[in-house]
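# Reading the structure
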Amino acid sequence: MASELNNSNPDHDYSKEKLKHSSKEEMVSTMTNSMHRSSSRPQLDVSRAAIQEDSEDRNPTILLPNQSDDISHLALDIGGSLIKLVYFSRHEEQSPDDKRRSMKKRFGLSNGNRRSYPILGGRLHFVKFETGKLNECLDFISSKQLHRGGIDSPSWRSGTQTDDNIVIKATGGGAYKFADVLKERLGVSLDKEDEMSCLVAGANFLLKAIRHEAFTHMEGQKEFVQIDHNDMFPYLLVNVGSGVSIIKVDGDGKYQRVSGTNVGGGTFWGLGRLLTKCKNFDELLELSQQGDNSNVDMLVGDIYGGLDYSKIGLSASTIASSFGKTISETKELSDYRPEDISLSLLRMISYNIGQISYLNALRYGLKKIFFGGFFIRGHAYTMDTISFAVHFWSKGQAQAMFLRHEGFLGALGAFMSYEKHGLDYLRAHQLVERFPMEAPCIGGKIHGPPLGNLNEKISWLEKFVQKGTQITAPVPMAPPGTTGMGGFERPSSRGNTLRSDASAALNIGVLHLMPTLEEFPLLADPKMYEPNTIDLLDHGELEYWVTVLSEHLPDLVDKAVASEGGTDDAKRRGDAFAHAFSAHLARLMEEPAAYGKLGLAKLLELREECLREFQFMDAYITIKERENEASLAVLPDLLIELDSMNEEDRLLALIEGVLAANIFDWGSRACVDLYHKGTIIDIYRMSRKKMQRPWRVDDFDMFKEKMLSSGDKKSQPYKRALFFVDNSGADVVLGMLPLARELLRRGTEVVLVANSLPALNDVTALELPEIVAEAAKHCDIIRKAAEAGGLLMDAMVSIQEDGLKNHSTSVSLMVAENGSGGPCIDLRQVSSELAAVAKDADLIILEGMGRAIHTNLNAHFKCDSLKLAMVKNQRLAEKLFNGNIYDCICRFEPGKEQL
Ligand SMILES: Nc1ncnc2c1ncn2[C@@H]1O[C@H](COP(=O)(O)OP(=O)(O)O)[C@@H](O)[C@H]1O
Ligand SMILES: CC(C)(COP(=O)(O)O)[C@@H](O)C(=O)NCCC(=O)O
Ligand SMILES: [Mn+2]
């Protein structure tokens, strides 16, 4: 059979256009949801929904296509210094008329729980403006028509809504102060919400719904904290805005403002501006990084002649009096360096806030203190200083934690105050944060008018890239100068370079609300589950993987551009994609936790998302089609060969087949090099040669025992197996399908679980039915099972004619989408369809490096699991398995409930 593997026929049967068309249209999966809410303002006329034309939002992330009609679109928090906007954008994309699905629905042969009613879904965006530039903010709102329920609102398009009756939720003092301006400029009225309630509502939502929202920051080290939802309260919330509010939070809506201080962010920025002549806040912060506050502050040593005051635990370098040295009569402001002044000011204010917070925590016996507000500005030194103060004064008893959405608590709370906002029941697994290159529209500052289309994005990106190249690696600081003697020493993260404006804009992403995502129900211990095997917090690892991805980039861009016909437009998009993705990588090298907790799964998915953002829907489509066709051509011979074997030999040959065919991976540098050097047949031969047992991890005998045991020990066949398939071509056709056939033959129902969206050369759930149908032409077992599973359209029509009652007694072969658009899988967030079919499964087969090694290698399941992969990376093979590239992994683990 092997000799036929390179028999790829260019005039193949697969209609490229058809595949491409269907994958583009259906890119947006119809993951479903039972949440359907009644209406609230602004009203959206869902009945008139049409496919969205807004090209800016065309990137087809997996999101819910049909949002219910009750999402409020904009909330404001107008503070003393900054205006914060949280707005919601919908994605109305009509479910394509999917024959497969509608047929199955008609016959009640659902593969899961795909439903047809409206789905809540969309994205939450976070934007901020300076309050002094209110006009910019109003221009932004108006250009995006956010106040009218979004630019894409059908009711707006149909002209049924007038501005006069629009009411927008707003909080912060500016909701009162600027109400008239908003009425005048936008015609909208503001519905004012209490600021403290909003802060608390925002913080509670973030802590409950976002997995790694909170983090600690000590001596330059950021560590994400998983908050236990059942043990969240009470806590102290310290919002450091212009001024500071200190709130004791006891539950949802249960809180008390227990203290505050007028020495806050406004004080820092205001005094700092006066004293240093800085033009903006970031400049002031940046200045502090070159400062030495001992030129400005009076230290214990200055008073004690260079000595420590050891009796009360104060070292000579402790600040005795902030700005104390400036009492000198011989010096004027111009005699002090602005850098030193800025640092002294930052230390004074941060430390003071930390100390007051600690005192309030002490007053109420609270151990957890969360700090929000834009004074924090994700700035390492500020956070270290606050943490130091809390840690020092509480003797380690209380913990300072920070929030990624720091300054957006109030705005988010105002958004939550819409009667029906749809966020109440969302949990971490239903939110996906993405980082598109839309800086003018997310997280950070506004750089000119909002980006209207991909072209604008590309040109803005070119500018961003120019800026991005200026991003320098963090300057390592000398170790902290603590003497262990108490008082306040210098935290260690001082030297870190502040993010440039453009990259700061990417610090928090767009939150995709995906109510249909669910936790995979077969995880043995969901709380302990960590998808990623390799810890990218380890700098060496991060550097390695970032390098691997960078090196792979030119090849990927080639494929992507070719997949779009190699046009000039495709080339331009290809370049933009390469710049954008490189900028992401540079950003992550500079600050690995910039996008939240980073794992390899997220990094690899980011690449796919970035491709989609530049409208490369399926970069490997041609390769996938070619390899599918070549493999399908040799499948009949393989099946004959397998059928001539005895049971035991056949099972071994099947597992070998899966492992050997997993070499066809276009994501691996080594494999791509192989493709350039040899033919498919060479590769396959080499791969088969590697099959000698024992494999690097070899639990085959255990699996065989489970599958084939006879006599007294004869085991029942598995009822339902979930096959997490990987690559197109040989991998799925010659590897996983024959193994699936073996299980079907033994009476096990098989669900092929594949990606919802393309990633590298992975096969997608939408492509599988066609592949199965082709395979079914050569195999009765597959055909009958596919008919029973509703995968064959022709068969479905005959079922319709025969009536449903006795459509088939055969076990089913089905397909389910996994909810993912990357080469790995995070089982905390899978499609509801997969979650539904998983409930009856008693065997899981995870295949490939992404799904079985990078992620899930250490995952335990309630049912039996088999992990099969070839390790196509030398470093990984050494590190994880003490082995070599092309080693094979066959790990079997009995279900945890059966142990
Ligand atoms: N770009 C910026 N412009 C002005 N102030 C900023 C900026 N970024 C961070 N800050 C800091 O954030 C503070 C405002 O924080 P914020 O939480 O928005 O409070 P408020 O609601 O009072 O405006 C400012 O006083 C300043 O210290
Ligand atoms: C992206 C992949 C996880 C896909 O592997 P697969 O799941 O298809 O076996 C893998 O190709 C990979 O880790 N590539 C990067 C490492 C390298 O080039 O060596
Ligand atoms: Mn793959």
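Above this text sits the structure in question.
A few points on the structure. All of these numbers come straight from a predicted model, not from anything done at the bench.

Reading the values: the criteria
Residues numbered from 1 in each chain as written. Chains lettered and ligands numbered in written order. Predicted model: local features only at pLDDT ≥ 70, side-chain atom pairs only at ≥ 80, totals over all residues. Heavy atoms only, no water. Donors = N, O, S within 2.8 Å, 3.2 Å for Na, K, Ca; no water. Buried < 20%, exposed > 50% of the residue type's maximum accessible area, 1.4 Å probe, protein only. Phe/Tyr/Trp six-rings, centres within 6.5 Å; stacked < 30°, edge-to-face > 60°. Helix = DSSP H or I, 4+ residues; strand = E, 2+ residues; numbered from the N terminus. Lys NZ or Arg CZ within 6 Å of the ring centre and 35° of its normal. Salt bridge = Lys/Arg side-chain N within 4 Å of Asp/Glu carboxyl O. Arc of directions from axis to C-beta. Contact = heavy atoms within 4.5 Å. Pairing = 2+ DSSP bridges. Near = heavy atom within 4 Å. Polar contact = N/O pair within 3.5 Å; in protein donor to acceptor, adjacent residues only side chain to side chain. Areas by Shrake-Rupley, 256 points an atom, 1.4 Å probe, with all protein chains shown as cover. Expected span 1.5 Å × (residues − 1). Bend = angle between axes of the 7 residues up to and from the residue. Axes fitted to C-alpha atoms, helices over the stretch in contact; angles between N-to-C directions.

## Section: the coordination of the manganese ion (ligand 3)
Octahedral metal centres with six donors ideally show angles of 90 or 180 degrees, and tetrahedral centres with four donors ideally show 109.5 degrees. Looking at the metal site, the manganese ion (ligand 3) is ligated by D726 (OD), N727 (OD1) and D762 (OD), spaced 2.0 to 2.1 Å from it. On the basis of relative accessibility, which here comes to 5%, the residue D726 falls in the buried class.

## Regarding the packing of aromatic side chains
Under the defined criterion, the tally for this structure stands at 26 aromatic pairs. Geometrically, the ring pair formed by F233 and Y235 is stacked, given 5.9 Å between the ring centres and 20 degrees between the ring planes. By relative accessible area, which is 0% here, Y235 ends up buried. Taking 6.0 Å as the distance between ring centres and 10 degrees as the angle between the ring planes, the aromatic pair formed by F577 and F581 counts as stacked. Of this pair, F577 and F581 both sit in helix α17 (residues 568-590), four residues apart, which is roughly one turn of the helix. What makes F577 buried here is its relative accessible area of 0%. An aromatic cluster is built from F215, F224, F371 and F402, whose rings are joined through pairwise contacts. Here the basic side chain of K169 rests over the ring of Y418, its NZ or CZ set 6.0 Å away from the ring centre.

## A look at the pattern of salt bridges
Evaluation of the coordinates by the stated rule reveals 47 salt bridges. Between D252 and K208 there is a salt bridge, with its nearest N and O atoms 2.5 Å apart. Of the two residues, D252 sits in the loop between β9 (244-251) and β10 (254-261) while K208 sits in helix α7 (residues 195-209), which places them 44 residues apart along the sequence. Residue D252 is classed as exposed on the basis of its relative accessible area, which comes to 52%. For K208, a relative accessible area of 15% puts it in the buried group. Here D826 makes a salt bridge to R828, at a shortest N to O gap of 2.9 Å. A single salt-bridge network, built from bridges that share partners, covers D643, E647, R650, R741, E742, R745 and R746.

## A short note on unusual backbone geometry
Here F233 and P234 are connected by a cis peptide whose omega angle stands at -5 degrees. As for its placement among the helices and strands, P234 is situated in the loop between β7 (221-225) and β8 (235-240). P694 follows R693 through a cis peptide bond whose omega is 0 degrees. With respect to the helices, strands and loops of the structure, P694 is situated in the loop between α22 (680-689) and β17 (697-698).

## Considerations on helix α3 (residues 134-144)
Of all the positions in α3, only L134, C137, L138, F140, I141 and K144 are classed as buried. Angularly, the buried residues of α3 cover 155 degrees about the axis, an arc narrow enough to put them on a single face. Contact partners of the buried residues in α3: β1 (74-78), β2 (82-89), β3 (122-130) and α6 (179-186). Q145 sits one or two residues past α3 and shows a positive phi near 55 degrees.

## Considering the pairing of β8
For β8, the buried fraction is high: six of the six residues fall into the buried class. As paired strands, β8 and β9 are joined by six bridges and run antiparallel to one another. Bridge pairing in β9 places V240 opposite V244. Between β8 and β9, which pair antiparallel one after the other, the connecting turn spans three residues. Both β8 and strand β13 (residues 368-372) contribute to a ladder of four bridges, which runs parallel. Each bridged residue has a counterpart across the sheet, and for L236 the counterpart in β13 is I369.

## Description of the site of ligand 1
Around ligand 1 sit 16 residues in total, of which S81, K84, S242, G265 and F374 are the nearest. Contacts to ligand 1 include L82, whose backbone N or O atom sits 2.9 Å from an oxygen atom. A distance of 2.9 Å separates an oxygen atom of ligand 1 from a polar atom in the backbone of F374. Alone, ligand 1 offers 570 Å² of accessible surface; in the complex the protein occludes 94% of this. The dominant element in the shell around ligand 1, judged by the number of residues it contributes, is helix α8 (residues 265-276), at three residues.

## Regarding the environment of P526
Checked against the element boundaries, P526 lands in the loop between β16 (510-513) and α16 (539-563). Distance in space between the C-alpha atoms of P526 and M348 is 44 Å, their sequence separation being 178 residues.

## Here's the deal with the environment of E833
For E833, the location among the structural elements is in helix α28 (residues 832-838). With 18 residues separating them along the chain, E833 and V815 place their C-alpha atoms 9.7 Å apart.

## What to know about the side chain of H854
Looking at the secondary structure, you find H854 in helix α29 (residues 849-854). Not counting the four nearest positions on each side in its chain, H854 is found in contact with P531, N532, T533, W545, L600, L604, C824, M849 and L876.

## Description of α16
The end-to-end C-alpha distance of α16, which contains 25 residues, comes to 34 Å, matching closely the 36 Å that a straight helix rising 1.5 Å per residue would cover. Within α16, the axis deviates most sharply at L553, by approximately 40 degrees, and proline P554 lies no more than four positions further along. The backbone nitrogen of G540 has a side-chain oxygen 2.9 Å away, supplied by the residue at the start of α16, namely D538.

## Points about the environment of C610
For C610, the location among the structural elements is in helix α18 (residues 600-613). Each C-alpha atom, one on C610 and one on G253, is 39 Å from the other, the two residues being 357 residues apart in sequence. For C610, the contacting residues outside a window of four places in its chain are F577, A580, F581 and H584.

## Digging into the sheet that holds β7
Paired through backbone hydrogen bonds, the strands of a sheet run either parallel or antiparallel to each other. Strand order in the open sheet formed by seven strands is β7-β6-β14-β13-β8-β9-β10, with mixed pairing between adjacent strands. Where the open sheet ends on each side, the last strands, each with one partner, are β7 and β10. Direction aside, neighbouring strands of the sheet carry axes that sit 30 degrees apart on average. Pairing of β13 with strand β14 (residues 399-403) involves four bridges; the strand directions are parallel. For F371, the partnering residue across the bridge sits in β14 and is F402.

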